[in-house]
Amino acid sequence: MVGNADPDAARRYYDLVDDEDYEGLVGLFSPNVVYERPGQPPIEGLSELRAFYETGRPLSEGEHTLHAVVAEGDTVAVRGSFEGVQDGERVSFGFADFHEFDDEGFIVYRHSYTDRDTV
C-alpha cells in the first residue's frame with residue numbers, strides 16, 4: 001500500500017484531539033487503522049479507535065505543540081510536546097508520532113513514541 005503523506009491532515013489531527021472533536025478525528029483514519037502507543041496493546045479499527053478517544057484515553061485537558069512536521073512518501077513524522085492532565089496529574093512530555101497514509105488519503109497506521117513509559 002502506497003499512499004500520499006498529508007502534513008495538513010496530520011496537523012489537523014492534533015487540533016481535533018485538543019478540541020475533543022472525536023467525530024472529526026475518527027474521520028481522518030482508515031477503517032483498517034492500527035494505532036500503537038508505548039506500553040499498551042495496539043488499537044485496531046475505527047470502533048476501537050473511537051472508544052479509545054471517547055472513554056479510554058488517559059490524557060485530557062491538554063494541548064499539543066508541534067515543533068517539526070516532515071512528510072515523505074506515505075508518512076508524516078511529527079515531533080512535539082504535550083501539556084495537560086494524565087490520570088488526574090499535570091504532565092508535560094515530548095513525543096514523536098508517525099502517521100502512515102493509505103492511497104485514499106486516510107491514516108492507516110499511527111505510532112507514538114514519548115519520553116514517558118505509557119500514554
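A quick note: this is a predicted structure, and the numbers were derived from the prediction, not measured.

### Description of the overall build of the chain
Logical step 1: Scanning the chain from N- to C-terminus turns up three helices and six strands.
Logical step 2: Listed N to C, the secondary structure of the chain is α-α-β-β-α-β-β-β-β in terms of helices and strands.
Logical step 3: Here the C-alpha radius of gyration of the chain, 13 Å, is about what a compact globule of 119 residues would show, namely 14 Å.
Logical step 4: Summarising its shape, the C-alpha atoms of the chain cover approximately 40 × 30 × 25 Å along the three principal directions.
Logical step 5: The buried share of the chain, taken over its 119 residues, is 39%.
Logical step 6: Relative to all contacts within the chain whose residues are 6 or more apart in sequence, the contacts with residues 24 or more apart total 49%.
Logical step 7: Accessible area of the chain: about 6,400 Å², with a carbon and sulfur share of 44%.
Logical step 8: Across the chain, 9 positive and 26 negative side-chain charges occur, with their mean positions spaced 4 Å apart.

### Here's the deal with the confidence of the model for the chain
Reading fine detail from the predicted coordinates is not recommended where pLDDT is low.
Logical step 1: Chain-level pLDDT for the chain is 92 on average; 96% of the residues reach the 70-or-more range.
Logical step 2: Put simply, strand β3 (residues 59-72) is where the chain has its lowest mean pLDDT, 93, and strand β2 (residues 43-44) is where it has its highest, 98.

### Things to note about the nonpolar core
Logical step 1: Judged by nonpolar contacts, the single largest core of 22 residues is most densely connected at Tyr 13, Leu 25, Leu 28, Phe 29, Tyr 35, Leu 49 and Tyr 53.
Logical step 2: If you list the elements that add at least two residues to this core, you get α1 (7-18), α2 (22-26), β1 (29-36), α3 (46-56), β4 (75-86) and β5 (89-101).
Logical step 3: A per-element tally of this core places α1 first, with six residues.
Logical step 4: Contact partners of Tyr 13, with chain neighbours within four places excluded, come to Leu 25, Leu 28, Phe 29, Tyr 35, Tyr 53, His 99 and Arg 110.

### Quick notes on the environment of Arg 11
Logical step 1: Checked against the element boundaries, Arg 11 lands in helix α1.
Logical step 2: In this structure Arg 11 comes out as partly exposed when scored by relative accessible area, which is 35%.

Conventions used here
Residues numbered from 1 in each chain as written. Predicted model: local features only at pLDDT ≥ 70, side-chain atom pairs only at ≥ 80, totals over all residues. Heavy atoms only, no water. Helix = DSSP H or I, 4+ residues; strand = E, 2+ residues; numbered from the N terminus. Rg over C-alpha atoms; globule rule 2.2 N^0.38 Å. Buried < 20%, exposed > 50% of the residue type's maximum accessible area, 1.4 Å probe, protein only. Contact = heavy atoms within 4.5 Å. Areas by Shrake-Rupley, 256 points an atom, 1.4 Å probe, with all protein chains shown as cover. Lys, Arg positive; Asp, Glu negative; His and termini not counted. Charge placed at Lys NZ, Arg CZ, Asp CG, Glu CD. pLDDT = per-residue confidence, 0-100. Core = buried A, V, L, I, M, F, W, Y, C linked by side-chain atoms within 4.5 Å.

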